[in-house]
Amino acid sequence: MSWLVALCLLLLQTEAFKIAIFSGNTLTHEDITERAILNVTAQVCRALARAEGKDFAFPRLTAVAVAAACEAPKSSKSFRETIKLIQEKNKGVDTSLYSDPRYHFDNENFTEGRKIITDGLSVVKASNKRNNFEAARNKLGEILHPLQDFYSHSNWVEMENELPNSNLIRSNAVIGNIAAKSRATCRDCIGDDCTNNILEDILQEKILTSGYFDYVPFLSTKPTGKCSHGGTFDRTSKIKPKGGINKDNLDASHGHLHIKAVNLAIAATSELLEDIRGAAGDRPFLQMMGISKGKALCFVIDTTGSMSDDIAAVRTVTSSIINSKVGTEDEPSVYILVPFNDPEFGPLTKTTDPNVFKNAIDSLSATGGGDFPEMSLSGLQLALTGAPRNSEIFLFTDAPAKDQHLRSTVIALIEQTKSVVNFMITGILGFRRRRQSDDSQQQQQSRSRMLTSDAQLYRDLAQVSGGLAIEVSKSELPVATSIITESSSSSLVTILQAARSPGKAENFTFTVDESVRNLTVYITGTFVTLTVISPSGVSQESADTAGSLITASQSVGNFKTLKLKTQPGLWEIKMVSTNPYIVKVIGDSPIDFLFDFLEVSQSPFGDLDVVDNRPRAGVNGSLIVTVTGSDSTTLTEVILVESSGSREVNGSVEALGGGNFLTKFDRIPAEEFVVLVKGQNSNGSSGILQRQSPTSIKASTLIVTSPDSNSVLVPGIPLSVPFSVMTSGAGGNFRIQATNDQGFNSNFPSSLFLETGGSANGTVNLTAPSTTPSGTDVTLTIEVEAPGSADINYVVLRFAVLKTVTDFTQPVCELLSLQSNCSDICSLSMWELSVQVTDGAEGTGVDRVSLRQGNGTMNTSLTAGSENITLVSYSSSCCSPDVELLVVDGVGNVASCFYSVRKAANSSQPATTNSPQSPAAAVVSLSTRAVQSFVLCFSITILGLSLPFEIGIN
């Protein structure tokens, strides 16, 4: 059987033959990752649709098409963002770990490379089990890099293997017959021809080897007779035997095998994703991938004594959202609740069950509150790290923040997660627990200054995030919470947002395209008047209730909303006020954008890497913008706009394909700014598209970095986290602050001294308590402040907690009985089976048994006197003759057990299989499961050739 036939059989199990075979130009790690994710995600949605008796048309491989096929079209932005994050973590291995051969299967580091994959896989599964999907994505991206490198850096392809090496994702399996360190594996290439440089006996005996790589020539450790990686950057390729064996691109030493390596890497990536899917379950897997019907609903609530009315208002709006949204395309993807008072905050409640969330809200009680300020920023920090990226968070309080030292930490997390925070402030921050008459005049004046300062803190945080600080009385709060219902739409986009402090008369223009619905204007501020002018020239003042442009208006406290008659074209708003104000224009549209700043990679290979903190101020820079929700939108302008002014920096835009646009700027402004994009749909619709990032960005002259190693915290064992600081400005003592959202013990230097234009290194030691459960996610924020508080930058790191895993074996199914009375009229007959499932004496126990295939009824029960044996009974109509049980143990090892009352070919016995869950195993079971099969003959074009195949299909 040729490798193409075998690969087709492998991909046939998930219908990936429709889209996964590659025959074009060089594909990168990012391309391989995206194709596998899109394919497996579509397969999951196909399985869920069929389980519900729905038809499923396999989509094109784009985030927009797959999200739509999954009946979650509004999640295309979060899906695209998830893919980008996993791609970035994958690519980051080449930046921060390029010299570590374990992460690339170089230097014959097969056992070590496999350990990185399997250890990381344990982290992914443990994180998913606790719904910590961000940590799971980070680790997934990291381990996909070595998995994919195996096929381009080893001789697996040259040995004519037709399937991926499934044992790379299993800790207790044999990878292959690895070459001894003393055994020669290569000869010199003949000139530039390296096609036959691997020794014949190595290939004939199926000896596994990989190329050696060293960037610095005099540090080379390549043993005599070993293969080199090859290429410009590999100095070992000049040492005999000369040349290389890598297949990284079409021009590589073994570039003639690049296409085969790519297709096997796609299949191997799909195999690993299928294993994660099996451990998590189909719907949690989709959540990990950012596929869900709606956005997160996230509340941070003050629970001190005076907040009973506020909590009642939250209960009301929660019930309203749940009752109106559940079952619709705007059903929240996850519900998050963080209470706070003083000195306590948390715990964070995160659930996908609306009833669990309602019960958590109902259980809140307003008690205590001896002194005035509360731990509001600690609660907000916990919410920002626990909620998905691009979430909208609502914080309810009537008190100042006691933990103002977290201000810069919260701003760092807002910038890093691009989340919007709205503050619902009642009682004008204050007359809550004691009468002012109880204080002296001096105390009252001090309190007044404090209240003004703390109210401004909330306003500042709202402005940075693109949110609002809504200040109302307690009796007005129920009316103001209407913003929460409106903001729960998962397709809400920001068209314009501007802040002015002090206020002034100013005209703002914005463009509305044909995809926008429910056009709404939000304003916060006092004594603000405005006039709206439509594209047709019609104008209406906000106080005019008889006009035709404003279809509804509402004013409560400092908060005003105007619903406009949606009309495509150029709009204008004339604002008049001497007081500070924020104006925000939003609408519903599937089209939005993602963005990341880029910098020149620190690896020797060049290229551009994503900046995951503040970009450098005052120098040129680049921005990668990705359009979401549309496969036909072209960006024409990308502009950096001052958040509190009108100054702009325009960039030059270059289309990269796939909805990605590279923008280069001559200067990154030092002032706080937002990203504004304009574009055009190429599907024939008229009008300019305009979108703005809600989150403001502040550039910095500091560079703060930490190795992106995605280390794992072992409970009770300190983890050393190194970081580096560099300044392009004046030197001095730079203040260091490190905080984590779990309150784990840590120590770090309080300051570092830097020379002018110099750098320094530091370390944070972080320890998780010994009782911390596996899968716990901790976010560490390291902030660096320049002397005189003139500048701040940060690095945000996520770590997963994982107890040492010792269970590497899959559960086992034992068939106890199978009975049937199936006849030619299947609807009149039934069949049933009984299966005993065990995880071994040293196993972690059976965690879950579910149906991957079958329309019958399944029941499970524990065997009396044993916690490690589960009995499964299943019964079904003979019209559904097959059943596949998916069995998962406590650490995520997965087994698939298949049973059928169909008689296997040339046999009177039912067909059964019991195997680890993987596409490779599934391919094996095609023959054992195939009964009453027929042969489908067809041709498929692969690599430019029309090839006939004969595939037996059940």
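1. A look at the state of the cysteines
The full count for this structure, using the stated rule, is six disulfides. Here C186 is linked by a disulfide to C227, with a sulfur-sulfur distance of 2.0 Å. Its torsion about the S-S bond being 90 degrees, the disulfide of C186 and C227 is classed as right-handed. Of the two residues, C186 sits in the loop between β1 (177-178) and α7 (200-204) while C227 sits in the loop between β2 (207-208) and α8 (258-280), which places them 41 residues apart along the sequence. Taking the relative accessible area as the measure of exposure, C227 reaches 0% and is therefore buried. Residue pairing for C813: its cysteine sulfur links by disulfide to C897, the two sulfurs lying 2.0 Å apart.

2. Digging into the nonpolar core
Formed by 56 residues in total, the largest nonpolar core has its most connected members in F79, L140, Y151, L272, F285, M288 and M289. Sorting the residues of this core by element identifies α2 (29-51), α3 (63-69), α4 (76-96), α5 (110-129), α6 (133-153), α8 and α9 (282-288) as the ones contributing at least two each. Among all residues touching L140, those that are not within four sequence positions of it are I86, V124, L272, L273, I276, M288 and M289. One finds A296, V334, L395 and Y794 within the second-largest nonpolar core, a separate group that totals 33 residues.

3. Some remarks on the pattern of salt bridges
Between side chains of opposite charge, a pair can form when the charged atoms approach closely. This model, assessed by the stated rule, comprises 40 salt bridges. Residues joined in a network through salt bridges with shared partners are E52, K54, E71 and R283.

4. Notes on the environment of V585
Take V585: it is sitting in strand β17 (residues 581-588). The class of V585 is buried, set by a relative accessible area of 0%. Between the C-alpha atoms of V585 and A498, which are 87 residues apart in sequence, the distance is 9.3 Å. Excluding residues within four positions of it along the chain, V585 makes contact with V493, T494, I495, L496, F510, L519, T520, V521 and I573.

5. Here we look at unusual backbone geometry
A cis amide bond links K240 to the next residue, P241, at an omega of -5 degrees. On the secondary structure map, P241 appears in the loop between β2 and α8. Note the cis peptide between D342 and P343, where omega equals 10 degrees. Within the fold, P343 resides in the loop between β4 (335-340) and β5 (349-351). With phi around 60 degrees, E108 is a residue other than glycine that occupies positive phi space. Tracing the sequence through the fold places E108 in the loop between α4 and α5. Owing to a relative accessible area of 6%, E108 belongs among the buried residues under this scheme.

6. Overview of the pairing of strand β3 (residues 297-302)
Most of β3 sits inside the fold, with six of its six residues counted as buried. Side chains of β3 alternate between two faces, with L297, F299 and I301 and C298, V300 and D302 buried alike. By the bridge criterion, six bridges tie β3 to β4 in an arrangement that is parallel. In the strand pairing of β4, F299 is matched with L337. For the handedness criterion, the β-α-β arrangement of β3, helix α10 (residues 308-325) and β4 is classed as right-handed. Looking at chain direction, β3 and strand β6 (residues 392-397) are connected through four bridges and run parallel. Across the sheet, V300 pairs through a bridge with L395, a residue of β6.

7. Some details on helix α13 (residues 407-417)
For α13, the tally of buried residues reaches ten of eleven residues, placing the bulk of the element in the interior. Residues S408, T409, V410, I411, A412, L413, I414, E415, Q416 and T417 constitute the buried set of α13. Looking one or two residues beyond α13, the residue adopting positive phi is K418, at roughly 55 degrees.

8. Things to note about the packing of helix α12 (residues 376-386) against α13
Between α12 and α13, the least distance of the axes is 10 Å, while the angle of their chain directions is 20 degrees. It follows from the interaxial angle that α12 and α13 lie roughly parallel. Between α12 and α13 lies a crossing of left-handed hand. Across the interface between the two elements, L377, L380, Q381, L384 and T385 of α12 pack against R407, T409, V410, L413, I414 and T417 of α13.

9. Focus: the packing of aromatic side chains
In this description, an aromatic ring pair is defined by two values, namely the gap between the centres and the angle between the planes. Counted under the stated rule, the structure contains 18 aromatic pairs. Centre to centre, the rings of Y215 and F233 are 6.4 Å apart; their planes meet at 35 degrees, and the pair counts as tilted. Separated by 18 residues along the polypeptide, Y215 in the loop between β2 and α8 and F233 in the loop between β2 and α8 bring together distant segments of the chain. Overall, the relative accessible area of 32% leaves Y215 in the partly exposed class.

10. A look at the packing of α5 against α6
Axis separation between α5 and α6 bottoms out at 8 Å; the angle between their running directions is 155 degrees. Accordingly, the angle class assigned to the pair α5 and α6 is roughly antiparallel. Handedness of the crossing formed by α5 with α6: left-handed. Residues F110, I116, I117, G120, L121, V123, V124, S127 and N128 of α5 form the contact with α6, whose own contacting residues are F133, A135, A136, K139, L140, I143, P146, L147 and F150. Among the residues forming the contact of α5 with α6, the class breakdown is 14 nonpolar, three polar and one charged.

11. A closer look at a nonpolar patch on the surface
Among the surface-exposed residues, Y215, F233 and F605 lie close enough to one another that they form a single nonpolar patch of about 240 Å² accessible area. For F233, a relative accessible area of 31% gives the class partly exposed.

12. Side note on the pairing of strand β20 (residues 621-628)
Walk down a regular strand and you will see the side chains alternate between the two sheet faces. Of all eight residues in β20, eight are buried; the element is thus mostly enclosed. Both faces of β20 are covered, namely the face carrying G621, L623, V625 and V627 and the face carrying S622, I624, T626 and T628. As judged from the seven bridges shared by strand β18 (residues 592-600) and β20, these two strands associate in the antiparallel manner. Its bridge partner being in β20, F597 is matched across the sheet by L623. Here β20 runs beside strand β24 (residues 660-665); their pairing, made up of six bridges, is antiparallel. When the bridges of β24 are listed, G621 appears paired with F665.

The rules we used
- Residues numbered from 1 in each chain as written.
- Predicted model: local features only at pLDDT ≥ 70, side-chain atom pairs only at ≥ 80, totals over all residues.
- Heavy atoms only, no water.
- Disulfide = S-S within 2.5 Å.
- Helix = DSSP H or I, 4+ residues; strand = E, 2+ residues; numbered from the N terminus.
- Buried < 20%, exposed > 50% of the residue type's maximum accessible area, 1.4 Å probe, protein only.
- Core = buried A, V, L, I, M, F, W, Y, C linked by side-chain atoms within 4.5 Å.
- Contact = heavy atoms within 4.5 Å.
- Salt bridge = Lys/Arg side-chain N within 4 Å of Asp/Glu carboxyl O.
- Pairing = 2+ DSSP bridges.
- Right-handed = clockwise from strand over helix to strand, strands pointing away.
- Axes fitted to C-alpha atoms, helices over the stretch in contact; angles between N-to-C directions.
- Parallel < 35°, antiparallel > 145°, perpendicular 65-115°, else oblique.
- Left-handed = near helix turned anticlockwise from the far one by under 90°.
- Phe/Tyr/Trp six-rings, centres within 6.5 Å; stacked < 30°, edge-to-face > 60°.
- Nonpolar A, V, L, I, M, F, W, Y, C, P; charged D, E, K, R; others polar.
- Patch = residues over 30% accessible without salt bridge, like charges linked within 9 Å, V, L, I, M, F, W, Y side chains within 5 Å.
- Areas by Shrake-Rupley, 256 points an atom, 1.4 Å probe, with all protein chains shown as cover.

Structural measurements only, silent on function.
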